[in-house]
Amino acid sequence: MNILVTAGPTREALDPVRFLSNRSSGRMGYAIAAAAAQAGHAVRLISGPVALETPAGVERIDVVSAQAMADAVQAHVTWCEALVMAAAVADWRPATVSPAKLKKHAGTLTLELERTPDILASVQPLKGARIYVGFAAETGDPEAEARRKLAAKGLDLIVANDVSRPDAGFEVATNAVMLIDSDGSLRQIETAPKAEIASELVTWIEARAKQA
Ligand code: CTP
């Protein structure tokens, strides 16, 4: 299969030296890209700024901002049979980007933020028979929020994790996730290396593709 994976954070510039971002390390998305390539699939990885090596056999496309990631996904989605949106896309960006470094001054500074494009929503019209997998990083009730996003984003599967746990989510080598299928079924994967979760996910994608 042709599998398109996004990974890592995005950076939203405020001025030439500052940006807004998040704690995503890219490890989960990179593990998925690696597992998919190992299983013999053609893999393109659209990556935000991370400190990770490109997995063997993977074609990597580097981007920085949410807008650039949206453009890259739009450009490559018709190539794929499965899209895995593991990236932690910034939802907000500074409404204006200063061309010069902002100088400090007395008192407070108020930033105005505007929404970035919702990438999954923007590629919804291109879905057709493609398999779309999303992630939900939550600090509250992961299952309820994930089920809401699965339906709202028209996904085939959502991978939910509670990022407030020390053994799951951002910056750690392990994860503990719930796989929630559009058929309503839920599968819990207890704390495991991200590589193991990644290969479970690839197996799920292969099985779903066979059903089609
Ligand atoms: N996502 C996306 N475009 C965005 C933000 C997120 O395509 N601008 C994708 C993520 O890659 C992930 C899924 O949508 O696969 C859910 O991301 P998440 O940040 O958990 O959800 P949001 O839609 O941002 O919802 P909320 O802010 O309510 O948590």
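Structure report, in brief.

Here we look at the pattern of salt bridges
Oppositely charged side chains may form a pair once their charged atoms are brought near each other.
Stage number 1. Counted by the stated rule, this structure contains 12 salt bridges.
Stage number 2. With a shortest N-O distance of 2.5 Å, D181 and R208 are connected by a salt bridge. Of this pair, D181 sits in strand β11 (residues 174-181) while R208 is found in helix α5 (residues 194-211), placing the two residues 27 residues apart along the sequence. Each member of the pair, D181 as well as R208, carries the same accessibility label: buried.

Comments concerning the sheet that holds strand β4 (residues 42-47)
Stage number 1. On the basis of which strands lie adjacent, the open sheet formed by eight strands has the order β5-β4-β1-β6-β9-β10-β11-β12 and mixed pairing. Each edge of the open sheet carries a strand with a single partner, namely β5 (58-62) and β12 (186-193). Strand-to-strand, the axes of this sheet are offset by a mean angle of 20°, without reference to chain direction.
Stage number 2. Sheet topology places strand β1 (residues 2-7) next to strand β6 (residues 82-85); four bridges connect them, and they run parallel. Note on β6: the bridge partner recorded for V5 is V84.
Stage number 3. Most of the contacts of helix α2 (residues 66-76) go to β4, to which it runs at about 160°, and overall it touches β1, β4, β5 and β6.
Stage number 4. Sheet strands in contact with α5 are β1, β6, β9 (131-138), β10 (157-162), β11 and β12, and its direction is about 150° off that of β12.

A word on the site of the ligand
Stage number 1. Not every one of the 16 residues close to the ligand is listed here, only the nearest: M85, A87, F135, K149 and K153.
Stage number 2. Contact between the ligand and D91: an oxygen atom at 3.0 Å from a side-chain N or O atom of the residue.
Stage number 3. The separation between a nitrogen atom of the ligand and a polar main-chain atom of I119 is 2.9 Å.
Stage number 4. Isolated, the ligand exposes 580 Å² of accessible area, and the fraction of that covered by the protein chains is 78%.

Observations regarding the packing of aromatic side chains
Stage number 1. Summed over all chains, the structure comprises zero aromatic pairs.
Stage number 2. Here the basic side chain of R115 rests over the ring of W92, its NZ or CZ set 5.6 Å away from the ring centre.
Stage number 3. Here the guanidinium or amino end of K127 rests over the ring plane of Y132, the centre of that ring lying 5.5 Å away.

Comments concerning the side chain of N175
Stage number 1. Its location among the elements puts N175 in strand β11.
Stage number 2. For N175, a relative accessible area of 1% corresponds to the buried category.
Stage number 3. Within the local environment of N175, its side chain forms a polar contact with the side chain of N161, the two groups lying 3.2 Å apart.
Stage number 4. When sequence neighbours within four positions are dropped, the list of residues in contact with N175 reads M28, N161, D167, A168, G169, E190, T191, A192, K194 and I197.

Criteria and thresholds
- Residues numbered from 1 in each chain as written.
- Predicted model: local features only at pLDDT ≥ 70, side-chain atom pairs only at ≥ 80, totals over all residues.
- Heavy atoms only, no water.
- Salt bridge = Lys/Arg side-chain N within 4 Å of Asp/Glu carboxyl O.
- Helix = DSSP H or I, 4+ residues; strand = E, 2+ residues; numbered from the N terminus.
- Buried < 20%, exposed > 50% of the residue type's maximum accessible area, 1.4 Å probe, protein only.
- Pairing = 2+ DSSP bridges.
- Axes fitted to C-alpha atoms, helices over the stretch in contact; angles between N-to-C directions.
- Contact = heavy atoms within 4.5 Å.
- Near = heavy atom within 4 Å.
- Polar contact = N/O pair within 3.5 Å; in protein donor to acceptor, adjacent residues only side chain to side chain.
- Areas by Shrake-Rupley, 256 points an atom, 1.4 Å probe, with all protein chains shown as cover.
- Phe/Tyr/Trp six-rings, centres within 6.5 Å; stacked < 30°, edge-to-face > 60°.
- Lys NZ or Arg CZ within 6 Å of the ring centre and 35° of its normal.

On their own, these measurements won't tell you what the molecule is for.
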